[in-house]
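Chain residues, written in single-letter form:
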Amino acid sequence: MRMLQTYPKEVKVFLLASLINSTGSALMWPLTTMFVFDELGHNMADAGLVILIQALGGIIGQLLGGSLYHRVGVKKLIVGSLVLNALGLFALPVTSQYWYFYMALMGFIGFCNALSLPAIQAFIGFRFADRRGELFNIIYVANNIGVALGTALSGFLADISYKLTFIANGLTSAVFAVFFLIYLNRLDGQQGEVHLDKRNTSTSDESIWRLLGNTRIYLYLGIGSMFILLGNSMWNSGVSPFIISEGFPKKAYGFLWTLNGILIFVAQPVISLLKRWLAKSSSSQMTMSAVFYLLSYIVILITHNYPGLVLAMVLATLGEMLISPAIPAFISDHAGRAAPFYIGLSGGVGAIGRVIGPYTMGLLYDGGGLIPVAWLAIGTAAIGVVFFIVHATQNRVMKPEMESSAV
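Just so it is clear, the structure is predicted and the values come from calculations on it, not from any experiment.

Caption draft 1: Representation of the overall build of the protein. A count of helical and extended segments in the protein gives 18 helices and zero strands. Split into buried and exposed, the 407 residues of the protein put 53% on the buried side. The contacts in the protein between residues at least 6 apart in sequence include a share of 83% that link residues at least 24 apart. Surface summary for the protein: the accessible area is close to 18,100 Å², and the carbon and sulfur share equals 68%.

This is the structure in structure tokens:
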């Protein structure tokens, strides 16, 4: 992207490190179920339980990560959580034969991985305040390139060894930790509130209840995100079995996600036009995102065929491209020093949808196929639109500068 050329070298190095880390993380996503079922010999219910435990660990990590940002300090929090995540991944190959320990370790890995997320997003918001909206979007694209690379590599690594995949993921997490350690050490002597430790910051002394009371910042966007993620589970728990039951080749499902990855990269000009003409603020981008998701699920309900799934994926991807950078950008603009807390809190609330979505959608699909799944997705997207509109209305009267000083 042309705008990347205007950023300093440190941004480009950060993007490269993020890409490496997201590539490693993506190695795990397609293989957890296969590993539990194929390598460990457990049933699909057990595989689903492992994924649930990992997701619950992620929710706790998101919530705690935002709260600890100023209390612990950005360097200890980010580097420490990435190192612990790497150690957990390195331990998987030698402990996976012990089933209950394996489940606990997967929850620990989900926790440590999510613990660093709000801290990294808040650090970006503080460090590059003048252009953080652009940078959140660029990092989102870089991470998705890493996801595409990791997903593609996972199959090859699995053919060699599942355990090699765990080690490769641990190495990328360790590389990311080393990057942040060197990077933040170099910045320690510079001014900037993001680098203050727990003894120098007033945010750590601020009442959690007072922060929770400022619902305009996090509650409506968090609930809206939760419903969006719940509805989006239909791609795995509705579209995937539909493609198989209709006799389409399995690669037809893979093509949908290939299309998703390509669009995230090549459709940036379309997103830029939408932001310039129809959705200039972060709040309006969230609302428009939910509308795109809603249209996507309506297309699936009406067409009920593969070309309809392709069109629906295009619409859903546009929705994803709008909302993913918008949430951290909004919170960074409006929450001031409390941004890490609210990023973690909204992320944790939103992730609840990702936890309950697959099971709910699976029950509906078993009972009636794709149609009831599509109706539920339509309902959740419509609710998401409502909550994002409420969020935009609640925050329309206060400018970011006023909000920052208030917090």
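What follows picks up the thread again.
Caption draft 2: Broad picture of unusual backbone geometry. A positive phi angle, close to 55°, is found at His304, a residue other than glycine. Looking at His304, the relative accessible area reads 33%, which means it is partly exposed.

Caption draft 3: Region of interest: the packing of aromatic side chains. Per the stated rule, a full pass over the model turns up 15 aromatic pairs. Measuring from ring centre to ring centre gives 6.4 Å for Trp235 and Trp257, while their planes differ by 70°; the resulting arrangement is edge-to-face. In this pair, Trp235 sits in helix 11 (residues 234-245) while Trp257 sits in helix 12 (residues 250-266), placing the two residues 22 residues apart along the sequence. Using a relative accessible area of 1% as the deciding quantity, one classes Trp235 as buried. Here Trp257 falls in the partly exposed class, since its relative accessible area comes to 33%. One aromatic cluster is present, formed by Phe123, Phe176, Phe179, Phe180 and Tyr183 through successive ring pairs.

Caption draft 4: Fine view of helix 14 (residues 282-303). In this model, helix 14 (22 residues) spans 32 Å end to end at C-alpha, consistent with the 32 Å of a helix rising 1.5 Å per residue. Immediately downstream of helix 14, the backbone of His304 shows phi near 55°, a positive value.

Caption draft 5: Summary view of the packing of helix 14 against helix 15 (residues 306-334). Running from amino to carboxyl end, helix 14 crosses helix 15 at an angle of 160°, the nearest separation of the two axes being 8 Å. Here helix 14 lies roughly antiparallel to helix 15, going by the angle between them. As helix 14 packs across helix 15, the resulting crossing turns out to be left-handed.

Caption draft 6: Expanded view of the nonpolar core. Ranked by size, the top nonpolar core spans 95 residues in total, and within it Phe180, Met234, Trp235 and Ile300 carry the most contacts. Sorting elements by how many residues they give to this core places helix 15 first, with 15 residues. Residue assignment places this core across two domains, with domain 1 (9-191) and domain 2 (207-406) each supplying three or more. Aside from chain neighbours lying at most four places away, what touches Ile300 is Met234, Trp235, Val239, Leu309, Ala312, Leu370 and Ala374. Residues Ala47, Leu92, Trp99 and Phe166 belong to the second largest nonpolar core, which totals 14 residues.

Caption draft 7: Looking closely at the confidence of the model for the protein. For the protein, the average pLDDT comes to 82, and 86% of its residues sit at 70 or higher. Between residues 191-205, whose pLDDT stays under 50, and residues either more than four places distant or in other chains, the model counts 25 contacts. Across residues 401-407 the pLDDT falls below 50, and counting only partners more than four positions away or on other chains, this stretch makes 15 contacts in the model.

Caption draft 8: The environment of Leu16, seen in detail. With respect to the element layout, Leu16 can be found in helix 1 (residues 9-28). Owing to a relative accessible area of 52%, Leu16 belongs among the exposed residues under this scheme. The sequence separation of Leu16 and Phe176 amounts to 160 residues, and the corresponding C-alpha distance is 9.7 Å.

Caption draft 9: Summary view of a nonpolar patch on the surface. Together, Val83, Leu84, Leu87, Phe90, Phe108, Ile167 and Leu171 give the surface a local cluster of nonpolar side chains, amounting to about 560 Å² of exposed area. Mapped onto the nonpolar patch, the elements with two or more residues apiece are helix 4 (74-95) and helix 8 (162-187). Tallying contributions element by element places helix 4 first for the nonpolar patch, with four residues. Within the secondary structure layout, Ile167 lies in helix 8. Ile167 sits in the partly exposed class, given a relative accessible area of 36%.

Caption draft 10: Here's a closer look at the packing of helix 6 (residues 117-127) against helix 8. Where helix 6 meets helix 8, the axes come as close as 14 Å, and the angle between the chain directions of the two elements is 30°. Crossing hand, helix 6 versus helix 8: left-handed. When helix 6 is examined against helix 8, the residues Ile120, Phe123 and Arg127 are found in contact with a partner set consisting of Phe176, Phe180, Tyr183, Leu184 and Leu187. Of the residues assigned to the contact of helix 6 with helix 8, the class counts are seven nonpolar, no polar and one charged.

Caption draft 11: Representation of the environment of Gly58 in the model. Tracing the backbone shows Gly58 in helix 3 (residues 44-72). Given a relative accessible area of 12%, Gly58 falls into the buried group. Put simply, Gly58 and Ile109 are 51 residues apart on the chain and 8.2 Å apart in space, counted from C-alpha to C-alpha.

Caption draft 12: Focus on the side chain of Glu320. If you trace the backbone, Glu320 turns up in helix 15. Contact partners of Glu320, with chain neighbours within four places excluded, come to Tyr140, Asn144, Asn260, Ile264, Ser289, Tyr293 and Pro325.

Calculation rules
The numbering scheme is per chain: residues are counted from 1 as the chain's sequence reads. Owing to the predicted nature of the model, reporting of local features is limited to residues with pLDDT of at least 70; listing and counting of side-chain atom pairs is limited to 80 or more, with chain, interface and lining totals taken over all residues. By convention in this description, side-chain values take in all heavy atoms of the structure and omit both hydrogens and water. Put simply, DSSP marks the helices as runs of H or I at least four residues long and the strands as runs of E at least two long, and each gets a number from the N terminus on. Burial classes: relative accessible area under 20% of the type maximum marks a residue as buried, over 50% as exposed, and values in between as partly exposed (1.4 Å probe, protein chains only). We call two residues contacting when some pair of their heavy atoms lies within 4.5 Å. Calculation of accessible area relied on Shrake-Rupley with a 1.4 Å probe; when residues are assessed, cover is drawn exclusively from the protein chains displayed. Classification of ring pairs uses Phe, Tyr and Trp, with its six-membered ring standing for Trp, and accepts pairs whose centres are within 6.5 Å; under 30 degrees between planes counts as stacked, over 60 as edge-to-face, and the remaining range as tilted. Working rule for helices: expected span equals 1.5 Å times residues minus one. Lines fitted to C-alpha atoms define the axes, with helix axes restricted to the stretch in contact, and inter-axis angles between N-to-C directions lie between 0 and 180 degrees. Note that the term roughly parallel is reserved for angles under 35 degrees, roughly antiparallel for angles over 145, roughly perpendicular for angles of 65 to 115, and oblique for everything else. In a left-handed crossing the near helix is turned counterclockwise from the far helix by less than a right angle, and in a right-handed crossing that turn is clockwise. Put simply, buried Ala, Val, Leu, Ile, Met, Phe, Trp, Tyr and Cys residues joined by side-chain atoms within 4.5 Å make one nonpolar core. The split of the chain into domains comes from an automatic or database domain assignment. Here pLDDT means the predictor's own confidence in every residue, given as a number from 0 to 100. Each patch is built from residues lacking any salt bridge and having more than 30% relative accessible area; the joining distance is 9 Å for like charges and 5 Å for nonpolar side chains (Val, Leu, Ile, Met, Phe, Trp, Tyr). What makes a salt bridge here is a side-chain nitrogen of Lys or Arg within 4 Å of a carboxyl oxygen of Asp or Glu, nothing more. Each residue gets one label: Ala, Val, Leu, Ile, Met, Phe, Trp, Tyr, Cys and Pro are nonpolar, Asp, Glu, Lys and Arg are charged, and the others, such as Gly, are polar.

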